[in-house]
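Coordinate inspection notes
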Amino acid sequence: MLNILVCVSGGGTNLQAVIDAVKDGRIRNTRIAGVISNNRSAYALKRAEENGIDAVCLSPKEFSDREAFNRAFLEKVNEYAPDLIVLAGFLVNIPPEMIRAYPNRIINIHPSLIPSFCGTGYYGLKVHEAALARGVKVTGATVHFVDEGTDTGPILLQKSVDVQPDDTPKSLQQRVMEEAEWILLPKAIDLIAAGRVEVVDGKAVIR
Ligand code: GAR
C-alpha cells in the first residue's frame, strides 16, 4: 500500500481528483495519509475534511523565519511517513532538506508542457496568461519528480491541450485541468503505486 501525503494551497481540485480516483479504483493500492496546506482558507482543507482525511495547516507566516517553518514542515511530513509526497497546487518552495530526505519520492503537477512556461514565477493563472501572450497553439500539463530546481526534475507524464482562439487565461486553465491535470495526476500515482516508475540517469522510466 502506497502511503501518500498531498500538499495543497488553494481550491484543491487536483486533490479532489486524487480522492475520487482512490475511491473509484483508478488509483490502486494507495492510501491518502494526510493533507498539508500552507493556507488556512484553502478550500482544499474542506475537501480533505469532507472525505475524512487528516488535514493540517502550516503557514510560513506563523513562523519566526523560513528555517523554523522548514523544520516544522519536514517534521510534520515525517509524522505521516509517506512513501510519496504529492504537490497538488502547492505554492511553497520545497526545502532542500526535504528533497534530500525524499529523493524521487515527491511529484508535482504543473499546468504547462515543461520546459515551456515553468520555473520561478510561473504558477497558477500566470502560466496560462504567459501561454496566451506567447500565442502558443498547444499547451498542457506535466507531472514531474521534484528536485532542487524549480520545475526541473525528471518528467513522468505529459498531456497536451489545444488552445482555442477565444481562450482567456481562466478558460484555458479550466480546460487544462479537465483535459490533462485531473487525468495525469491520478495516473502518475497509480503507476508509482504499481512500482512501474524508476528514475534512471535523471529521467523517469515507465515499465
Ligand atoms: C493547478 O492548475 C496546478 O497545476 C497549479 O495550481 C493549480 C492548483 O489548482 N500548480 C502550479 O502552478 C505549480 N507551479 P487546485 O488547487 O484546484 O488543484
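Look a little higher up for the structure.
Below is a summary of the structure that appears in this document. (Residues numbered from 1 in each chain as written. Predicted model: local features only at pLDDT ≥ 70, side-chain atom pairs only at ≥ 80, totals over all residues. Heavy atoms only, no water.)

For the rest of this paragraph, the subject is the overall build of the chain. Helix and strand counts for the chain come out as six helices and nine strands. Relative to a compact globule of 207 residues, whose C-alpha radius of gyration would be 17 Å, the chain shows 16 Å and is just as compact. Taken along its principal axes, the extent of the C-alpha atoms in the chain is 45 × 40 × 40 Å. Across the 207 residues of the chain, 50% fall into the buried class. Here the analysis covers contacts within the chain between residues at least 6 apart in sequence; of these, 64% occur between residues at least 24 apart. (Helix = DSSP H or I, 4+ residues; strand = E, 2+ residues; numbered from the N terminus. Rg over C-alpha atoms; globule rule 2.2 N^0.38 Å. Buried < 20%, exposed > 50% of the residue type's maximum accessible area, 1.4 Å probe, protein only. Contact = heavy atoms within 4.5 Å.)

A word on the nonpolar core. Membership of the largest hydrophobic core comes to 39 residues, with the highest contact counts inside it found for I4, V6, I107, V143, L156, L185 and I189. It is helix α6 (residues 169-193) that provides the largest number of residues to this core, a total of 10 residues. In contact with V6, not counting residues within four places along its chain, are L15, I32, G34, V35, I36, V86 and A88. Membership of the second largest hydrophobic core comes to 20 residues, among which are A33, L58, F90 and I106. (Core = buried A, V, L, I, M, F, W, Y, C linked by side-chain atoms within 4.5 Å.)

Moving on to the site of the ligand. Surrounding the ligand, one finds 14 residues, the nearest of these being G12, T13, N14, G124 and E181. One nitrogen or oxygen atom from the side chain of T13 is found 2.6 Å from an oxygen atom belonging to the ligand. Residue H110 places a side-chain N or O atom 3.3 Å away from a nitrogen atom belonging to the ligand. In the complex, 91% of the free accessible area of the ligand, which totals 460 Å², lies under the protein chains. Only α1 (13-24), β5 (106-110) and α6 provide two or more residues apiece to the shell around the ligand. Classifying every residue of the shell around the ligand gives five nonpolar, eight polar and one charged. (Near = heavy atom within 4 Å. Polar contact = N/O pair within 3.5 Å; in protein donor to acceptor, adjacent residues only side chain to side chain. Areas by Shrake-Rupley, 256 points an atom, 1.4 Å probe, with all protein chains shown as cover. Nonpolar A, V, L, I, M, F, W, Y, C, P; charged D, E, K, R; others polar.)

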